[in-house]
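One-letter residues, chain by chain:
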Amino acid sequence: MRDPIKMAEHDPAFALALLWLCILAGPLSWSMQLAVAYPLLNWSCRAEHLLPVHLATAIALVFSAVSAYLSWHNLKLHRTLERINENPNSQKRGSESESEMPPRQFMALAGLMLSLFFLLVIVIQWLPVLLLDACI
């Protein structure tokens, strides 16, 4: 299997698709966990084991964590590429401010923040099932 990080460095279309995936992966993993774990809870209580609920939550956690890692790596990659492409002899245009962020760097940052936020939401949503008796 090919490394998605290496592919993102060489193929701009793949890099953009990866950025969109990183932005959407956090909310999608949370909604998957919500849509799968709660219906499984009724069945798991009747079967007297909560392993399917914990497994669905663990899959959502892994998916969101991988998304956060890929977003962080994309953010680092775009900062590195920005430094490499910067020419010290060229003058910046007057309309550009130093605080402007390139769109791909913003997408990587948004993907990282969303993935971390929904990772926290998934953990918070898992805590009652993990710590309390869910089958009351």
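Everything numeric in this text was worked out from a predicted model, so none of it was measured. (Residues numbered from 1 in each chain as written. Predicted model: local features only at pLDDT ≥ 70, side-chain atom pairs only at ≥ 80, totals over all residues. Heavy atoms only, no water.)

**Details of the overall build of the protein**
Point 1. A tally of regular secondary structure across the protein gives 4 helices and 0 strands.
Point 2. Seen in sequence order, the protein has helices and strands lined up from the N terminus as α-α-α-α.
Point 3. Each of the 136 residues in the protein was classed as buried or not, and the buried ones make up 31%. (Helix = DSSP H or I, 4+ residues; strand = E, 2+ residues; numbered from the N terminus. Buried < 20%, exposed > 50% of the residue type's maximum accessible area, 1.4 Å probe, protein only.)

**Some details on the confidence of the model for the protein**
Point 1. Per-residue pLDDT for the protein averages 82, and the proportion of residues at 70 or more is 79%.
Point 2. Confidence scores differ between elements of the protein, with helix α1 (residues 4-10) showing the lowest mean pLDDT of 61 and helix α4 (residues 103-131) the highest of 91. (pLDDT = per-residue confidence, 0-100.)

**Section: the packing of aromatic side chains**
Point 1. Scanning all chains against the criterion turns up 3 aromatic pairs.
Point 2. Arranged with centres 5.8 Å apart and planes meeting at 35°, the rings of W30 and F118 form a pair that is tilted. One end of the pair, W30, is in helix α2 (residues 12-47); the other, F118, is in helix α4, with 88 residues separating them in the sequence.
Point 3. Where F117 meets F118, the ring centres are 5.1 Å apart and the plane angle is 80°; that geometry is what we call edge-to-face.
Point 4. Three or more aromatic residues joined by ring pairs form one cluster here, namely W30, F117 and F118. (Phe/Tyr/Trp six-rings, centres within 6.5 Å; stacked < 30°, edge-to-face > 60°.)

**Structural notes on the environment of L116**
Point 1. Within the fold, L116 resides in helix α4.
Point 2. Take L116: its relative accessible area is 40%, and that puts it in the partly exposed class.
Point 3. For the pair L116 and Y69, spaced 47 residues apart in sequence, the C-alpha separation works out to 9.6 Å.

**A look at the packing of α2 against α4**
Point 1. Running from amino to carboxyl end, α2 crosses α4 at an angle of 15°, the nearest separation of the two axes being 10 Å. Of the possible angle classes, the one that applies to α2 and α4 is roughly parallel. Between α2 and α4 lies a crossing of left-handed hand.
Point 2. For the contact of α2 with α4, a count of residues per class yields 18 nonpolar, 6 polar and 1 charged. (Axes fitted to C-alpha atoms, helices over the stretch in contact; angles between N-to-C directions. Parallel < 35°, antiparallel > 145°, perpendicular 65-115°, else oblique. Left-handed = near helix turned anticlockwise from the far one by under 90°. Nonpolar A, V, L, I, M, F, W, Y, C, P; charged D, E, K, R; others polar.)

**A closer look at the nonpolar core**
Point 1. Counting 10 residues, the largest nonpolar core consists of A37, L41, L50, V53, A56, A60, L61, I122, W126 and V129.
Point 2. Among the secondary structure elements, those contributing two or more residues to this core are α2, α3 (51-85) and α4.
Point 3. Apart from the residues within four sequence positions on either side, W126 is in contact with H54, T57 and L61. (Core = buried A, V, L, I, M, F, W, Y, C linked by side-chain atoms within 4.5 Å. Contact = heavy atoms within 4.5 Å.)

**Section: α4**
Point 1. If you check α4, its first and last C-alpha atoms are 42 Å apart, about what 29 residues at 1.5 Å a residue would give, namely 42 Å.
Point 2. Among the residues making up α4, those that are buried are Q105, M107, A108, G111, L112, S115, F118, I122, Q125, W126 and V129. (Expected span 1.5 Å × (residues − 1).)

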